[in-house]
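Letter by letter, the chains look like this.
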There are 2 protein chains.
Amino acid sequence: MLSISILGTGNLAKHLFDAFLKAKGINVVQVVGRNKEALAQFSEHCTISQDFTTIADTDVYLMAVKDDAIAEVSKYLSHKKGVVAHTSGAIGLEAIQAVNKGVFYPLQTFTKGKPVSFQYIPICIEAQSKQSLEILITLGHSISENVHHIDSEQRKKLHLAAVFVNNFTNYLYDVGESLCLDEGLSFDLLKPLILETAEKVQRLSPKEAQTGPARRNDSESMEAHLELLNNEEHRTLYKLLSQAIKKRHEEEL
Amino acid sequence: MLSISILGTGNLAKHLFDAFLKAKGINVVQVVGRNKEALAQFSEHCTISQDFTTIADTDVYLMAVKDDAIAEVSKYLSHKKGVVAHTSGAIGLEAIQAVNKGVFYPLQTFTKGKPVSFQYIPICIEAQSKQSLEILITLGHSISENVHHIDSEQRKKLHLAAVFVNNFTNYLYDVGESLCLDEGLSFDLLKPLILETAEKVQRLSPKEAQTGPARRNDSESMEAHLELLNNEEHRTLYKLLSQAIKKRHEEEL
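Residues numbered from 1 in each chain as written. Chains lettered and ligands numbered in written order. Predicted model: local features only at pLDDT ≥ 70, side-chain atom pairs only at ≥ 80, totals over all residues. Heavy atoms only, no water.

Q: Any chance you could explain the relation of the copies chain B and chain A here in plain terms?
A: The relation between the two copies of this chain is a rotation about an axis and a shift parallel to it. When chain B is fitted to chain A, the best match, at an RMSD of 0.0 Å, comes from turning it 180 degrees and sliding it 0.0 Å along the axis. In symmetry terms, the pair is related by a two-fold rotation axis. For chain B, the residue whose C-alpha comes nearest the rotation axis is B:T169, separated from it by 2.7 Å. Both copies contact each other with a shared surface, as 100% of the interface residues of chain B are interface residues in chain A too. (Least-squares fit on C-alpha atoms with pLDDT ≥ 70 in both. Contact = heavy atoms within 4.5 Å.)

Q: What is the right way to look at the sheet that holds strand β6 (residues 100-106) of chain B in this model?
A: Across a sheet, paired strands are connected by hydrogen bonds in the backbone, their directions being either parallel or antiparallel. All names here are of chain B. Taken together, 8 strands build an open sheet; the order of strands is β3-β2-β1-β4-β5-β6-β7-β8 and the sheet is mixed. Only two strands of the sheet have a single neighbouring strand rather than two, namely β3 (47-49) and β8 (147-149). Going from strand to strand, the sheet's axes swing by 25 degrees on average, the running direction of each strand aside. Relative to strand β2 (residues 26-32), strand β1 (residues 2-7) is paired through 6 bridges, and the arrangement is parallel. Paired with I6 across the strands is V31, a residue of β2. On top of the sheet, helix α1 (residues 11-22) reaches β1, β2, β4 (60-63) and β6; it is set at about 155 degrees to β2, its chief contact. (Pairing = 2+ DSSP bridges. Helix = DSSP H or I, 4+ residues; strand = E, 2+ residues; numbered from the N terminus. Axes fitted to C-alpha atoms, helices over the stretch in contact; angles between N-to-C directions.)

Q: I keep staring at the domain arrangement of chain A and nothing clicks. Help me out?
A: A common way to state how big an interface is: give the accessible area lost once the parts meet. Residues and elements named next belong to chain A. Assigned domains within chain A: domain 1 (2-150) and domain 2 (155-252). One C-alpha centre belongs to domain 1, the other to domain 2; they are set 36 Å apart. Across the boundary between the two partners, domain 1 contributes 14 residues, which contact 6 residues of domain 2. Overall, the association of domain 1 and domain 2 removes approximately 770 Å² of surface from exposure, summing both partners, and the carbon and sulfur fraction of that is 59%. Joining domain 1 to domain 2, the criterion identifies 1 salt bridge. (Domains from an automatic or database assignment. Buried area = accessible area lost by both parts, 1.4 Å probe. Salt bridge = Lys/Arg side-chain N within 4 Å of Asp/Glu carboxyl O.)

Below, the structure is given as structure tokens:
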């Protein structure tokens with residue numbers, strides 16, 4: 001049995017808490033956070049505290065806090081024997097000011113109020129000592145089948161890749177919605193296409209899955225599209241992305 | 001009972017054929033196309049022909065051919081009484097050279113060999129006459145619950161929106177894969193995130209769903225990301241998309 005504390009009360013803290021409550025071999029002992037209101041939702045199943053100076057002793061301390069709070073929160077855990085792990089994609093191991101440092105980074109986007117199954121979510125693990133690594137891997141396996149040992153440099157690149165496939169992709173959905181609304185059309189019309197586009201690369205590589213005017217180097221269609229775009233930002237994006245797709249596939253044309 | 005012919009033997013022709021074969025009240029009479037080998041796959045369930053001058057008389061003629069072949073193929077149908085419809089997002093009604101013009105545009109990406117359920121796929125219908133419109137709407141409803149009357153201008157914008165949420169999004173997946181491979185990481189790590197990103201906007205608007213450094217105007221994280229990007233094209237994309245997200249959300253920061 002592994003005992004854990006969760007530091008933080010936000011979106012990720014809540015999703016991790018829900019997952020670990022159901023996990024075999026894991027005992028969630030305490031949730032610690034400044035926000036009294038947010039803390040209340042955890043009080044039924046473990047102890048809660050607003051005081052970072054009285055954190056219970058557990059095997060693992062999971063810091064589910066903002067990137068710039070990691071160093072500060074870890075100071076309260078500097079004397080602890082358990083593994084002190086942050087959950088961030090962008091921050092190195094060295095930011096943690098504790099004896100047994102680690103990282104427990106679930107690579108997923110979490111939505112408040114939308115339950116998520118951790119079973120297939122990649123959990124990216126890193127730790128300074130072999131023993132801490134093993135503990136975090138055990139913890140990862142308690143909620144996911146998809147646990148990976150990934151170092152800080154790799155994790156930063158992965159987080160950057162996540163910005164492209166999540167943040168930037170979502171912005172393209174936003175542009176798609178604007179174009180629909182301009183014509184009095186519902187964004188609902190694009191939803192099945194959005195899902196299928198994501199499903200397609202579960203089997204095919206994105207390069208194989210690429211279609212469209214830029215892929216075919218169909219200048220006439222691209223010109224016609226540019227004529228339809230009156231937002232300067234959308235035009236620049238259209239040109240840049242089309243150019244990149246053309247370049248990526250030019251050896252095949 | 002509606003009788004239909006399909007002109008063309010490609011990916012879309014095959015998916016439409018499979019859907020109409022199972023649809024109630026639809027009789028697929030004939031598939032016509034130049035490619036003998038591709039035609040053969042339709043021969044079990046209807047007549048096939050390579051000769052466009054001997055197309056059977058049916059209620060609807062669906063042209064599932066490349067955009068630049070629509071005008072030419074429609075000439076062979078200029079004397080027909082049935083509705084002659086193309087299936088393209090980008091081409092206007094007027095390209096068709098026949099008496100009863102129409103459009104039957106399924107807004108989806110189709111992958112060879114991957115069966116697709118048409119039930120939720122938006123079918124965008126347009127026609128010159130009210131009678132043709134009704135026939136195409138009936139045809140649409142035989143395979144989908146999601147049939148819409150959409151004019152040529154709207155459809156062209158919709159097709160452009162589809163380029164953003166499908167072609168361009170897929171290219172961002174491609175960038176994500178490159179970043180993974182550079183670090184010796186598998187693209188599989190990003191797949192659950194890609195799916196969840198698409199699923200998120202089925203309930204939330206893309207604007208609500210937006211997260212990330214640009215959304216928070218977190219300059220430090222964005223600078224750190226740019227340092228990690230050594231491909232000039234990826235850097236330009238990163239800057240442009242981050243700038244666009246910042247601008248879109250600046251009133252909320």
